[in-house]
Amino acid sequence: MHKPVWTTSRFDLDLSSPKVMAIVNVTPDSFSDGGQHANTSAALRHCEQVMRDGAHILDIGGESTRPGSPAVSLEDELARVLPVVKEAVKLGVPVSVDTYKPEVMQAVLDAGADIINDIWALRRGNALDIVAAHPRCGVCLMHMHRDPQTMQVAPMEGDVLAPVSAFLGQRAEALQQRGVAATRIMLDPGIGFGKTVEQNFSLLARQPELLSAGYPVLAGWSRKSSLGAVTGRNDPRDRVAASIAAALLAAQRGASVLRVHDVRETVDALAVWSAVH
């Protein structure tokens, strides 16, 4: 059997074991580490640290998408992200950029980025065209109900697996119809993006059903409020242990990429899991 891979601009990522994607927020207002890496040199130091900790992918973002977060202007996002990307692509690991703005996608791909990670699943402007026109870049398509400003005001109702799965399948199909190879596509059910605590955990419990579409899945549980809801930990920084538990449960249920703040701890937990597994 051939090894599953994620095709990205410069790398074919082996997905036969879970890969750790490190969150690098170049933002003053991210929900759990806002401001810590808010300039280029600090962000690059963080990139180098998480690589020492065992990160396989760097995910650089210049706009917080936590519930209720305000949008960031195109100029501000480019000013935050582009200098970091231009240096990060020299570090020898795949560089992902967390953005939904087509202009940012084009700029970072031109700068050598490997992956576009889009909470809007390429629904804004000509985002679909930009990714489809690139010969190899990887793309992560996420499900989000409504938008970051309103998604938790009126979350989804009922069983969410079918609508989430259908939406992601449609977005992946739209890419494939434009000639994008299936190996370039990763799906993210969007934990916390317009779903209740119960719905988020049902998506984790039933994650293998999401895999039945044939695409790999990215799990983004790190420090999320649903973990605070079940542990009583209000400060996101106190949710490290819960985040690791969720990451392992996601890996156990077939997730190919784990998007995390706490890289070293997650890498260590995966090492123990794989020793048994």
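Residues numbered from 1 in each chain as written. Predicted model: local features only at pLDDT ≥ 70, side-chain atom pairs only at ≥ 80, totals over all residues. Heavy atoms only, no water.

Draft legend 1. Quick look at helix 5 (residues 161-177). Across its 17 residues, helix 5 extends 24 Å between first and last C-alpha, which sits within 8% of the 24 Å expected from 1.5 Å per residue. Within the span of helix 5, buried status applies to L161, V164, F167, L168, R171, A172, A174 and L175. Buried residues belonging to helix 5 abut helix 4 (127-133), strand 7 (138-142), strand 8 (185-188), helix 6 (197-205) and helix 7 (207-211). Looking one or two places after helix 5, you find G179, whose phi comes out positive at around 90°. (Helix = DSSP H or I, 4+ residues; strand = E, 2+ residues; numbered from the N terminus. Expected span 1.5 Å × (residues − 1). Buried < 20%, exposed > 50% of the residue type's maximum accessible area, 1.4 Å probe, protein only. Contact = heavy atoms within 4.5 Å.)

Draft legend 2. Spatial organisation of the pairing of strand 4 (residues 57-61). Burial of strand 4 is extensive: five of the five residues sit out of reach of the surface. In strand 4, alternate side chains face the same way, and those of I57, D59 and G61 on one face and L58 and I60 on the other are all buried. Relative to strand 4, strand 3 (residues 19-25) runs parallel, the two sharing five bridges. Pairing of V24 across the sheet is with I60, part of strand 4. In terms of strand pairing, strand 4 meets strand 5 (residues 95-98) through four bridges, oriented parallel. When the sheet's bridge partners are listed, L58 is paired in strand 5 with V95. Running through helix 2 (residues 74-88), the crossover from strand 4 to the neighbouring parallel element strand 5 is right-handed. (Pairing = 2+ DSSP bridges. Right-handed = clockwise from strand over helix to strand, strands pointing away.)

Draft legend 3. Representation of unusual backbone geometry. In this structure, L122 is a non-glycine residue whose phi angle is positive, near 65°. You can see L122 is positioned in the loop between strand 6 (115-118) and helix 4. Residues other than glycine seldom take positive phi values, yet R223 does so here, at roughly 60°. Here R223 is to be found in the loop between strand 9 (218-219) and helix 8 (225-231).

Draft legend 4. Spatial organisation of the pattern of salt bridges. Scanning all chains against the criterion turns up 12 salt bridges. The closest approach of N and O atoms between K90 and E87, which form a salt bridge, is 3.2 Å. By relative accessible area, K90 is classed as exposed at 60%. We classify E87 as partly exposed; its relative accessible area is 34%. The partner of R223 in a salt bridge is D262, and the shortest N-O contact between them spans 2.7 Å. Remark: D262 occurs in the loop between strand 10 (257-260) and helix 10 (263-276) and R223 occurs in the loop between strand 9 and helix 8; sequence separation between them is 39 residues. We note that R223, like D262, is buried. Here the residues in one salt-bridge network are D59, D98 and R259, joined through shared partners. (Salt bridge = Lys/Arg side-chain N within 4 Å of Asp/Glu carboxyl O.)

Draft legend 5. Structural context of the pairing of strand 5. Neither face of strand 5 is left uncovered, since the one carrying V95 and V97 and the one carrying S96 and D98 both have all their residues buried. Sheet analysis places strand 5 next to strand 6, joined by three bridges and oriented parallel. Pairing of S96 across the sheet is with I115, part of strand 6. Each parallel crossover has a hand, and the one from strand 5 via helix 3 (residues 102-110) to strand 6 is right-handed.

These values are about where atoms sit, not about what they do.
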